[in-house]
Amino acid sequence: MSSAKNYRKKSTSRSGLELLQAIINGTASPPNIGKTLGFHLVHAEDGKTIFEGCPESHVINPAGTVHGGWYGALLDSCMGCAVHSKINSEQIYTTLEYKVSLIRAISLGTRVRAIGTVQHAGRSTGIANGEIRGIEDDRLYATGSTTCIIMAAPAIS
(Lines give C-alpha, C1' and ligand atoms only; values in the text may rest on other atoms or scores of the structure.)
Protein backbone atom coordinates (compact mmCIF):
# COMPACT_ATOMS: atom_id res chain seq x y z
CA MET A 1 0.00 0.00 0.00
CA SER A 2 1.43 3.40 -0.91
CA SER A 3 2.27 5.70 1.99
CA ALA A 4 -0.36 8.22 0.82
CA LYS A 5 -3.04 5.53 0.73
CA ASN A 6 -1.89 4.23 4.11
CA TYR A 7 -2.03 7.75 5.57
CA ARG A 8 -5.55 8.25 4.18
CA LYS A 9 -6.69 4.88 5.56
CA LYS A 10 -5.57 5.85 9.08
CA SER A 11 -7.57 9.09 8.98
CA THR A 12 -10.88 7.95 7.48
CA SER A 13 -12.86 7.76 10.71
CA ARG A 14 -12.08 11.34 11.74
CA SER A 15 -13.35 14.68 10.57
CA GLY A 16 -10.71 17.02 9.20
CA LEU A 17 -10.60 18.98 12.44
CA GLU A 18 -10.33 15.81 14.53
CA LEU A 19 -7.37 14.62 12.44
CA LEU A 20 -5.58 17.96 12.73
CA GLN A 21 -6.08 18.01 16.49
CA ALA A 22 -4.80 14.41 16.69
CA ILE A 23 -1.65 15.48 14.85
CA ILE A 24 -1.13 18.31 17.35
CA ASN A 25 -1.63 16.09 20.41
CA GLY A 26 0.60 13.35 18.98
CA THR A 27 -1.98 10.60 18.47
CA ALA A 28 -1.67 10.86 14.67
CA SER A 29 1.52 11.24 12.66
CA PRO A 30 2.03 14.50 10.79
CA PRO A 31 2.76 14.43 7.06
CA ASN A 32 6.49 14.36 6.33
CA ILE A 33 6.50 17.65 4.38
CA GLY A 34 6.69 19.66 7.61
CA LYS A 35 9.66 17.67 8.89
CA THR A 36 11.38 18.04 5.53
CA LEU A 37 10.87 21.80 5.33
CA GLY A 38 11.06 22.71 9.01
CA PHE A 39 7.53 23.67 10.01
CA HIS A 40 4.71 22.05 11.98
CA LEU A 41 1.07 22.44 12.95
CA VAL A 42 0.58 23.98 16.41
CA HIS A 43 -3.11 24.95 16.49
CA ALA A 44 -6.33 23.87 14.77
CA GLU A 45 -9.88 25.05 15.29
CA ASP A 46 -12.92 25.20 13.04
CA GLY A 47 -11.77 27.21 10.01
CA LYS A 48 -8.36 28.24 11.33
CA THR A 49 -4.92 26.65 11.62
CA ILE A 50 -1.54 27.88 12.79
CA PHE A 51 1.84 26.49 11.79
CA GLU A 52 5.25 27.50 13.13
CA GLY A 53 8.57 27.07 11.43
CA CYS A 54 12.10 28.27 11.00
CA PRO A 55 13.89 28.24 7.64
CA GLU A 56 17.33 26.67 7.72
CA SER A 57 20.13 26.43 5.17
CA HIS A 58 18.58 23.53 3.22
CA VAL A 59 15.80 25.88 1.94
CA ILE A 60 17.97 28.64 0.49
CA ASN A 61 18.12 29.47 -3.21
CA PRO A 62 21.26 30.19 -5.28
CA ALA A 63 21.11 33.87 -4.18
CA GLY A 64 21.48 32.72 -0.56
CA THR A 65 17.98 33.72 0.56
CA VAL A 66 15.01 31.62 1.66
CA HIS A 67 13.47 30.10 -1.47
CA GLY A 68 10.01 31.41 -2.38
CA GLY A 69 8.82 27.82 -2.48
CA TRP A 70 9.33 27.60 1.29
CA TYR A 71 6.93 30.51 1.79
CA GLY A 72 4.53 28.83 -0.66
CA ALA A 73 4.67 25.44 1.03
CA LEU A 74 4.10 26.98 4.46
CA LEU A 75 1.18 29.09 3.26
CA ASP A 76 -0.31 26.21 1.25
CA SER A 77 -0.14 24.10 4.41
CA CYS A 78 -1.79 26.59 6.76
CA MET A 79 -4.48 27.64 4.27
CA GLY A 80 -5.17 24.10 3.04
CA CYS A 81 -5.35 22.73 6.57
CA ALA A 82 -7.76 25.53 7.51
CA VAL A 83 -10.03 24.17 4.74
CA HIS A 84 -9.27 20.63 5.95
CA SER A 85 -10.67 21.62 9.35
CA LYS A 86 -14.07 22.11 7.70
CA ILE A 87 -14.43 18.70 6.02
CA ASN A 88 -16.10 15.58 7.38
CA SER A 89 -14.71 12.04 7.49
CA GLU A 90 -16.19 11.19 4.08
CA GLN A 91 -14.53 14.09 2.26
CA ILE A 92 -11.07 15.04 1.04
CA TYR A 93 -9.73 18.28 -0.36
CA THR A 94 -6.85 19.38 -2.52
CA THR A 95 -5.46 22.75 -3.49
CA LEU A 96 -6.83 23.92 -6.82
CA GLU A 97 -4.74 27.10 -6.93
CA TYR A 98 -2.93 29.41 -4.57
CA LYS A 99 -1.25 32.78 -4.69
CA VAL A 100 1.62 33.99 -2.56
CA SER A 101 2.82 37.58 -2.13
CA LEU A 102 6.25 37.95 -0.54
CA ILE A 103 6.46 41.14 1.50
CA ARG A 104 10.01 40.85 2.85
CA ALA A 105 12.81 38.31 3.13
CA ILE A 106 12.84 35.91 6.06
CA SER A 107 16.36 35.54 7.40
CA LEU A 108 17.66 32.05 8.12
CA GLY A 109 16.89 31.11 11.71
CA THR A 110 13.91 33.49 12.01
CA ARG A 111 11.00 31.76 13.70
CA VAL A 112 7.71 32.44 11.95
CA ARG A 113 4.03 31.70 12.42
CA ALA A 114 1.67 31.04 9.50
CA ILE A 115 -2.04 31.53 10.10
CA GLY A 116 -4.65 30.14 7.70
CA THR A 117 -8.26 31.28 7.92
CA VAL A 118 -11.22 29.97 5.91
CA GLN A 119 -13.30 32.58 4.12
CA HIS A 120 -15.76 30.08 2.60
CA ALA A 121 -16.25 26.33 2.82
CA GLY A 122 -19.09 24.94 0.75
CA ARG A 123 -20.11 21.66 -0.81
CA SER A 124 -17.36 21.65 -3.43
CA THR A 125 -14.95 24.53 -2.75
CA GLY A 126 -13.07 26.09 0.09
CA ILE A 127 -11.41 29.50 0.05
CA ALA A 128 -8.84 30.59 2.62
CA ASN A 129 -6.32 33.35 3.28
CA GLY A 130 -3.01 33.12 5.07
CA GLU A 131 -0.17 35.19 6.38
CA ILE A 132 3.33 34.57 7.65
CA ARG A 133 4.47 36.73 10.59
CA GLY A 134 7.59 36.74 12.70
CA ILE A 135 7.07 35.18 16.13
CA GLU A 136 9.42 37.62 17.89
CA ASP A 137 8.83 40.77 15.81
CA ASP A 138 5.24 40.22 14.49
CA ARG A 139 6.40 41.59 11.11
CA LEU A 140 4.40 40.52 8.08
CA TYR A 141 6.59 38.47 5.72
CA ALA A 142 4.07 37.08 3.23
CA THR A 143 0.38 36.70 2.48
CA GLY A 144 -1.52 34.15 0.45
CA SER A 145 -4.89 33.02 -0.76
CA THR A 146 -6.12 29.63 -1.93
CA THR A 147 -9.02 27.91 -3.58
CA CYS A 148 -9.42 24.25 -2.70
CA ILE A 149 -11.70 21.65 -4.20
CA ILE A 150 -13.69 19.55 -1.71
CA MET A 151 -14.82 16.13 -2.90
CA ALA A 152 -16.05 12.75 -1.72
CA ALA A 153 -13.24 10.54 -0.46
CA PRO A 154 -12.51 7.60 -2.77
CA ALA A 155 -13.06 4.10 -1.49
CA ILE A 156 -9.87 2.61 -0.06
CA SER A 157 -9.16 -1.02 -0.81
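For every chain, the first residue of the written sequence is number 1, and numbering continues from 1 onward in sequence order. Restriction of local features to residues with pLDDT of at least 70 applies here, the model being predicted, together with a cutoff of 80 or more for giving and counting side-chain atom pairs; totals for whole chains, interfaces and linings are based on all residues. As a rule here, side-chain values cover all heavy atoms of the structure and leave hydrogens and water aside.

A. Focus on the side chain of Thr49. Secondary-structure assignment places Thr49 in strand 2 (residues 48–53). Judged by relative accessible area, which is 0%, Thr49 ranks as buried. Nitrogen and oxygen atoms within 3.5 Å of one another constitute a polar contact, given that in protein one can donate a hydrogen and the other can accept it, and given that sequence-neighbouring residues count only through two side-chain atoms. There is a polar contact of 2.6 Å between the side chain of Thr49 and the backbone oxygen of Cys78. Should any heavy atoms of two residues lie within 4.5 Å, those residues are counted as being in contact. Dropping the residues within four chain positions of it, Thr49 is found in contact with Leu20, Leu41, His43, Ala44, Cys78, Cys81, Ala82, Ala114, Ile115 and Gly116. Strands are runs of DSSP state E lasting at least 2 residues, helices are runs of H or I lasting at least 4, and numbering of each runs from the N terminus. The rule is simple: take the accessible area with a 1.4 Å probe, protein chains only, and divide by the maximum for that residue type; under 20% is buried, over 50% is exposed, in between is partly exposed.

B. Representation of unusual backbone geometry within the structure. The backbone phi angle of Asp138 is positive, close to 55 degrees, even though this residue is not glycine. Here Asp138 shows up in the loop between strand 5 (125–134) and strand 6 (140–152). Residue Asp138 is classed as partly exposed on the basis of its relative accessible area, which comes to 49%.

C. Expanded view of the pattern of salt bridges. A pairing counts as a salt bridge when a side-chain nitrogen of Lys or Arg comes within 4 Å of a carboxyl oxygen of Asp or Glu. This structure, assessed with the given rule, holds four salt bridges. The partner of Glu52 in a salt bridge is Arg113, and the shortest N-O contact between them spans 3.0 Å. Of this pair, Glu52 sits in strand 2 while Arg113 sits in strand 4 (residues 112–121); the two residues are 61 residues apart in sequence, bridging distant segments of the chain.

D. Focus on helix 2 (residues 16–25). What helix 2 keeps buried is the set Gly16, Leu17, Leu19, Leu20, Ala22 and Ile23. Phi turns positive, to about 85 degrees, at Gly26, one or two residues after helix 2.

E. Structural detail: the sheet that holds strand 4. With antiparallel pairing, the six strands of this open sheet are ordered in space as 1-2-4-5-6-3. The open sheet has two free edges, formed respectively by strand 1 (39–45) and strand 3 (91–102), since each of these has just one partner strand. Pairwise comparison of adjacent strand axes, ignoring direction, gives a mean angle of 20 degrees for this sheet. Strands pair, by our definition, only if DSSP identifies at least two bridges between them. Pairing between strand 4 and strand 5: nine bridges, direction antiparallel. The residue bridging Val112 from the neighbouring strand is Gly134, located in strand 5. Convention adopted: a line fitted to C-alpha atoms gives each axis, helices being fitted over their contacting stretch, and angles between N-to-C directions are expressed from 0 to 180 degrees.

F. Representation of the environment of Ala153. Take Ala153: it is sitting in the segment after strand 6. As for Ala153 and Ala105, which are separated by 48 residues in sequence, their C-alpha atoms are 38 Å apart.

G. Here's a closer look at the packing of aromatic side chains. Planes of paired rings set the category: under 30 degrees apart is stacked, over 60 is edge-to-face and the rest tilted, where pairs are Phe, Tyr or Trp rings (Trp by its six-membered ring) whose centres lie within 6.5 Å. The final tally for this structure, using the stated rule, is two aromatic pairs. Counting every residue linked through ring pairs, the aromatic cluster contains Phe39, Phe51 and Trp70.

H. Region of the structure containing helix 4 (residues 68–84). A helix is expected to reach a length of 1.5 Å times the quantity of its residues less one. With 17 residues, helix 4 extends 24 Å from end C-alpha to end C-alpha; this agrees with the ideal 24 Å at 1.5 Å per step. For helix 4, the tally of buried residues reaches 14 of 17 residues, placing the bulk of the element in the interior.

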